[in-house]
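Survey of secondary and tertiary structure
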Amino acid sequence: MRMYIWLALLIAAVTYVIVGLATLDRSSNDAQIRSMIGRTVSSIQKRDLGGTILCVSKSYKDSSGTNYDRLRLLAAQALRVEREYTARAQIKRIDVHANTATVYLHVSVTAVDGGPIYSRNLTLRLAKEDGRHALLIPVKVWRVVSVDGLAIDMQDEL
């Protein structure tokens, strides 16, 4: 009986590793960045703070002095806005250089009733950082380390 339990655990572990390897993202850097931005916009749309902030590096720092913790707090406040809204990001250009990238995009959040809530041209600075896929497989993931033009400290904008 004990041998069957160990065999079942071994089969489950091997299956977990195989599925993890099979679902590993092997797409180009450009495609990975586009996917990350798409997932972030979707998380903003769903008011999912965890998914929204997942793309941000713990070492985030921008020219206005905003760090990761402050950005997380501001994002939480912004996602609590009571108005229904639609979030969009239009990527204009992606420049990839080895383990860093610069993304130029236009971000807009529009109230369902038609009024603009937030609209900016942003420049995202990204870096590849250590991460885990399926909690087991070490991978490099793109994360935002800085944003130019964010201007989210201005409360009248949110």
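Structural notes, computed from the coordinates.

What counts, and where the lines are drawn
Residues numbered from 1 in each chain as written. Predicted model: local features only at pLDDT ≥ 70, side-chain atom pairs only at ≥ 80, totals over all residues. Heavy atoms only, no water. Helix = DSSP H or I, 4+ residues; strand = E, 2+ residues; numbered from the N terminus. Rg over C-alpha atoms; globule rule 2.2 N^0.38 Å. Buried < 20%, exposed > 50% of the residue type's maximum accessible area, 1.4 Å probe, protein only. Contact = heavy atoms within 4.5 Å. Areas by Shrake-Rupley, 256 points an atom, 1.4 Å probe, with all protein chains shown as cover. Lys, Arg positive; Asp, Glu negative; His and termini not counted. Charge placed at Lys NZ, Arg CZ, Asp CG, Glu CD. Pairing = 2+ DSSP bridges. Expected span 1.5 Å × (residues − 1). Arc of directions from axis to C-beta. Axes fitted to C-alpha atoms, helices over the stretch in contact; angles between N-to-C directions.

Attention now goes to the overall build of the protein chain. For the protein chain, the helix and strand inventory stands at four helices and four strands. Counting from the amino terminus, helix and strand elements in the protein chain follow one another as α-α-α-α-β-β-β-β. Since a compact globule built from 158 residues should have a radius of gyration of about 15 Å, the 19 Å found for the protein chain marks it as more spread out than a globular shape. Reported as C-alpha extents along the three principal axes, the dimensions of the protein chain are approximately 65 × 40 × 25 Å. Within the protein chain, buried positions represent 34% of all 158 residues. When contacts within the protein chain are restricted to residue pairs at least 6 apart in sequence, those whose partners lie at least 24 apart make up 54%. Surface summary for the protein chain: the accessible area is close to 9,900 Å², and the carbon and sulfur share equals 59%. Averaged over its 21 positive side-chain charges, the protein chain has a centre that lies 7 Å from the centre of its 15 negative ones.

A word on the pairing of strand β2 (residues 100-111). Sheet topology places strand β1 (residues 85-97) next to β2; twelve bridges connect them, and they run antiparallel. Paired with V96 across the bridge in β2 is A101. The turn joining β1 and β2, which pair antiparallel and follow one another in sequence, is formed by two residues; a positive phi near 55° is taken by A98. As defined by bridge partners, β2 adjoins strand β3 (residues 116-133) across eleven bridges and the pair is classed as antiparallel. Its bridge partner being in β3, T110 is matched across the sheet by P116.

With 17 residues, helix α2 (residues 29-45) should cover 24 Å at 1.5 Å per step; its first-to-last C-alpha distance of 24 Å lies within 8% of that length. Burial in α2 covers these residues: Q32, I33, M36, I37, T40 and S43. Considered in projection along α2, the buried side chains sweep an arc of 135° and stay on one side of the axis. If you follow the buried residues of α2, they end up packed against α3 (49-53), β1, β2, β3 and β4 (137-148). Note on α2: the residue one or two positions beyond its end, R47, has a positive phi of about 60°.

What follows is about the sheet that holds β2. Strand order in this open sheet of four strands is β1-β2-β3-β4, and the pairing throughout is antiparallel. One side of each edge strand has no neighbouring strand; the edge strands of this open sheet are β1 and β4. For this sheet, the mean inter-axis angle between neighbouring strands, taken without regard to orientation, is 30°. Two elements, β3 and β4, share eleven bridges in a ladder whose sense is antiparallel. Within the sheet, the bridge partner assigned to E129 lies in β4 and is V141.

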